[in-house]
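# Fold and contact review
Read off the chains here:
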Amino acid sequence: MTSTLCLDRLALLDTNTVSDALDFLGLPGATHGLRPLWDCPRIVGRACTVQLGPKASTKPTVHLLSPVIDAVNSDDRVLVIAGGADGISCWGDILANAAVAKRIRGSVIDGLSRDIEGSESIGYPVYGRGITMISARNRVVQLDSGKPVQVAGVIVNEGDYVIADRCGAVFVLATRIEQVLDLGERIARRQGGMVAAVRAGRSVAEVMHDKEFEAIRAQ
């Protein structure tokens, strides 16, 4: 299955359903604490991983993330940024404008953003742990990119699938995406039927009994 088709199918689900599919399969990927930093749209794409860390010298350096943004050459990428420091920004409006110019779909940051109004003004989605005004300059630098990173306790690889919405962010291993999508679509259909049953007057205790959820696995 092509990456484009996988992304189209993933876009029809939400983070709750994808998280449930991962639970059924015993896979990691669902996170806690990463939220939209403005009332931004959901994002679905493939991870472009970046590792940040403290700046260890006083020498001038290329600004973090700028080489990664410059190197993006497709329109399906989401920046997945690890290594944010307490109280210090690792995203801002100049980077957001550069990302829009490169058709990047959004950023998921295990850290903080500044200048959030700048991202909002151009419609660039940013998910992270919070907002600050303190610059990364001379405090945080880019250590690596394109390698596995740990984000909110989840290992994310370059090219893994990303979905983020108001409930948070979920990452899916590229090697398991078809299995997760198949199960996620079954879960969505089953839960849609359960909602319809409750609205029609069926007992919610019966509708939500564990056996109903186990029936998804049995399918």
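- Going by what an unreviewed UniProt entry lists, the protein chain is known as Putative 4-hydroxy-4-methyl-2-oxoglutarate aldolase and is assigned to Paracidovorax wautersii.

## Observations regarding the overall build of the protein chain
- Broken down by element type, the protein chain carries eight helices and 12 strands.
- What you see for the protein chain is a C-alpha radius of gyration of 19 Å, in line with the 17 Å of a compact globule of 219 residues.
- Expressed as lengths along the three principal axes of its C-alpha atoms, the size of the protein chain is roughly 65 × 30 × 30 Å.
- Here the protein chain holds 219 residues, and 46% of them are scored as buried.

## Some points on the pairing of strand β12 (residues 168-172)
- The buried fraction of β12 amounts to five of the five residues, a majority that puts the element mostly inside the structure.
- Because side chains alternate across β12, one face comprises the buried residues Gly168, Val170 and Val172, and the other comprises Ala169 and Phe171, equally buried.

## A short note on the domain arrangement of the protein chain
- Partitioning the protein chain into structural domains gives domain 1 (1-174) and domain 2 (179-216).
- The interface is formed by 13 residues belonging to domain 1 together with 12 residues belonging to domain 2.
- Overall, the association of domain 1 and domain 2 removes approximately 1,100 Å² of surface from exposure, summing both partners, and the carbon and sulfur fraction of that is 76%.
- The largest share of the area that domain 1 buries against domain 2 comes from Arg9, Phe24 and Leu25, three residues that together contribute 48% of it.
- Taken together, the links from domain 1 to domain 2 amount to two salt bridges.
- In this structure, Asp182 engages Arg9 in a salt bridge whose closest nitrogen and oxygen atoms are separated by 2.7 Å.
- Counting every contact that joins domain 1 to domain 2 gives two residue pairs in polar contact (both at pLDDT 80 or more).

## Brief notes about the packing of aromatic side chains
- The full count for this structure, using the stated rule, is one aromatic pair.
- Between Trp91 and Tyr124, the ring centres sit 5.5 Å apart and the planes meet at 15°, which makes this aromatic pair stacked. Taken together, the residues Trp91 in the loop between β3 (77-82) and α4 (93-101) and Tyr124 in the loop between α5 (116-121) and β6 (126-128) connect sequence positions 33 residues apart. Like Tyr124, Trp91 is buried.

## Here we look at the nonpolar core
- Leu79, Val80, Trp91, Val108 and Phe171 are the most contacted members of the largest nonpolar core, which totals 42 residues.
- Counting 19 residues, the second-largest nonpolar core is a separate cluster that includes Leu7, Leu27, Tyr161 and Val172.

## Some words on the UniProt feature "binding site: Mg(2+)" (unreviewed entry) in the protein chain
- The residues that UniProt annotates with the feature "binding site: Mg(2+)" (unreviewed entry) are Asp115.
- Within the element layout of this structure, Asp115 appears in the loop between β5 (112-113) and α5.
- Contact partners of Asp115, with chain neighbours within four places excluded, come to Gly92, Asp93 and Thr132.

## Some details on the side chain of Thr15
- Tracing the sequence through the fold places Thr15 in helix α2 (residues 15-25).
- Those residues within four positions of Thr15 in sequence are excluded, and the remaining contacts are Ile163, Ala164, Asp165, Cys167, Gly168 and Val170.

## Description of the pattern of salt bridges
- Overall, the coordinates contain seven salt bridges when judged by the stated rule.
- In this structure, Asp75 engages Arg103 in a salt bridge whose closest nitrogen and oxygen atoms are separated by 3.9 Å. Residue Asp75 is found in the loop between α3 (66-71) and β3, and its partner Arg103 is found in the loop between α4 and β4 (106-109); the two are separated by 28 residues along the sequence.
- Residues Lys147 and Asp144 are paired through a salt bridge, measuring 3.4 Å at the closest nitrogen-oxygen approach.
- Residue Lys147 is classed as partly exposed on the basis of its relative accessible area of 45%.
- For Asp144, a relative accessible area of 32% corresponds to the partly exposed category.
- One network of salt bridges, with partners in common, ties together Arg9, Asp182 and Glu185.

## A few points about unusual backbone geometry
- For Asp115, which is not glycine, the phi torsion reads 50° and is therefore positive.
- Asp115 sits in the partly exposed class, given a relative accessible area of 31%.
- Of note, Asn138 is a non-glycine position whose phi angle comes to about 65°, a positive value.
- By the secondary structure assignment, Asn138 is in the loop between β7 (130-131) and β8 (140-145).
- Judged by its relative accessible area of 57%, Asn138 falls in the exposed class.

Conventions used here
Residues numbered from 1 in each chain as written. Predicted model: local features only at pLDDT ≥ 70, side-chain atom pairs only at ≥ 80, totals over all residues. Heavy atoms only, no water. Helix = DSSP H or I, 4+ residues; strand = E, 2+ residues; numbered from the N terminus. Rg over C-alpha atoms; globule rule 2.2 N^0.38 Å. Buried < 20%, exposed > 50% of the residue type's maximum accessible area, 1.4 Å probe, protein only. Domains from an automatic or database assignment. Contact = heavy atoms within 4.5 Å. Buried area = accessible area lost by both parts, 1.4 Å probe. Salt bridge = Lys/Arg side-chain N within 4 Å of Asp/Glu carboxyl O. Polar contact = N/O pair within 3.5 Å; in protein donor to acceptor, adjacent residues only side chain to side chain. Phe/Tyr/Trp six-rings, centres within 6.5 Å; stacked < 30°, edge-to-face > 60°. Core = buried A, V, L, I, M, F, W, Y, C linked by side-chain atoms within 4.5 Å. UniProt positions renumbered as here; feature names shortened; annotations may be inferred.

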